[in-house]
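# Structure at a glance
Spelled out from the first residue to the last, the chains are:
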Amino acid sequence: MKEQPKSVAVWFEIPCANLERAARFYETILDRRMNKDEFGELGDPMRLFPAAAGGVAGALVKRTFRKPGGGGTMVYLNCDGELDAVISRVREAGGLMLMPRTVIPGGHGAFACLKDTEGNHIGLHTSV
């Protein structure tokens, strides 16, 4: 068995239809400012939850492929250094790739998205 990763989750997203309204809600209930970001070429508007360096972070997002509602929060699982290998096993295990490996601008690694055997949308992330 391999050594366990520092954290199984590395990123989360909460989909929203009205990003500004959602940001106001979370800023209000958490009493913290959220940072605006669009991750460069990806162009997806986001409001980042504040997190300490090295901690699990996440964002409110407005994306065409994610809608708020019963689908809920999307969790990104840590696949550091093994993203391609994990992606290669998705179909055989009964899943479906929704988004191929995509480099995140600014040196934030790469991600991919899948649909698992239960219909959940799950993200995969590598920092390298």
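Residues numbered from 1 in each chain as written. Predicted model: local features only at pLDDT ≥ 70, side-chain atom pairs only at ≥ 80, totals over all residues. Heavy atoms only, no water.

### Quick look at the sheet that holds strand E7 (residues 110–115)
Read from one edge of the open sheet, 8 strands run E2-E3-E4-E1-E5-E8-E7-E6, paired in mixed fashion. The strands lining the two open edges of the sheet, one partner per strand, are strand E2 (35–37) and strand E6 (96–103). Averaged over all pairs of adjacent strands, the angle between their axes in this sheet comes to 25°, without regard to strand direction. Relative to strand E3 (residues 46–48), E2 is paired through 3 bridges, and the arrangement is antiparallel. When the sheet's bridge partners are listed, Asp37 is paired in E3 with Met46. Of the strands in this sheet, E6, E7 and strand E8 (121–126) are in contact with helix H2 (residues 83–90), which crosses E6 at around 165°. (Pairing = 2+ DSSP bridges. Helix = DSSP H or I, 4+ residues; strand = E, 2+ residues; numbered from the N terminus. Axes fitted to C-alpha atoms, helices over the stretch in contact; angles between N-to-C directions. Contact = heavy atoms within 4.5 Å.)

### Concerning the nonpolar core
Counting residues in hydrophobic clusters, the biggest one holds 12 residues: Trp11, Met46, Leu48, Ala57, Ala59, Val61, Met74, Tyr76, Met99, Ile104, Phe111 and Cys113. Mapped onto this core, the elements with two or more residues apiece are E3, strand E4 (57–61), strand E5 (74–78) and E7. In terms of residues, this core owes the most to one element, E4, which gives 3 residues. In this view, Ala57 contacts Val10, Trp11, Phe12 and Ala51; residues no more than four positions away in its chain are not counted. Judged by nonpolar contacts, the second largest core, of 10 residues, contains Ile87, Val90, Ala110 and Leu114. (Core = buried A, V, L, I, M, F, W, Y, C linked by side-chain atoms within 4.5 Å. Buried < 20%, exposed > 50% of the residue type's maximum accessible area, 1.4 Å probe, protein only.)

### Re the layout of surface pockets
Estimates place the volume of the largest pocket at around 620 Å³. Every residue lining the largest pocket is counted, 27 residues in all, and those nearest its centre are Val10, Trp11, Ala57, His108 and His125. Among the secondary structure elements, those contributing two or more residues to the lining of the largest pocket are strand E1 (9–15), E3 and E5. Element by element, the count of residues in the lining of the largest pocket is highest for E1, at 4 residues. By residue class, the composition of the lining of the largest pocket is 15 nonpolar, 7 polar and 5 charged. Reported here for the second largest pocket is a volume of approximately 320 Å³. Taken together, the elements giving at least two residues each to the lining of the second largest pocket come down to E5 and H2. The residue makeup of the lining of the second largest pocket, split by class, is 6 nonpolar, 2 polar and 5 charged. (1 Å grid on protein atoms, 1.4 Å probe; cavity = no way out; pocket = protein on both sides within 12 Å on 5 of 7 lines; lining within 4 Å. Points joined across faces, edges and corners; volume = space filled by probe spheres on them. Nonpolar A, V, L, I, M, F, W, Y, C, P; charged D, E, K, R; others polar.)

### Structural notes on the packing of aromatic side chains
Under the counting rule described, the total for this entry stands at 4 aromatic pairs. When the centroid spacing of 5.0 Å and the interplanar angle of 85° are considered together, the rings of Phe25 and Tyr26 count as edge-to-face. Using a relative accessible area of 45% as the deciding quantity, one classes Phe25 as partly exposed. Note on Tyr76 and Phe111: the rings are 6.1 Å apart at their centroids and 70° apart in plane angle, and the pair reads as edge-to-face. Of this pair, Tyr76 sits in strand E5 while Phe111 sits in strand E7, and the two are 35 residues apart along the sequence. There is no split in this pair, since Tyr76 and Phe111 are both buried. Linked through ring pairs, Phe12, Phe25, Tyr26 and Phe49 together constitute an aromatic cluster. (Phe/Tyr/Trp six-rings, centres within 6.5 Å; stacked < 30°, edge-to-face > 60°.)

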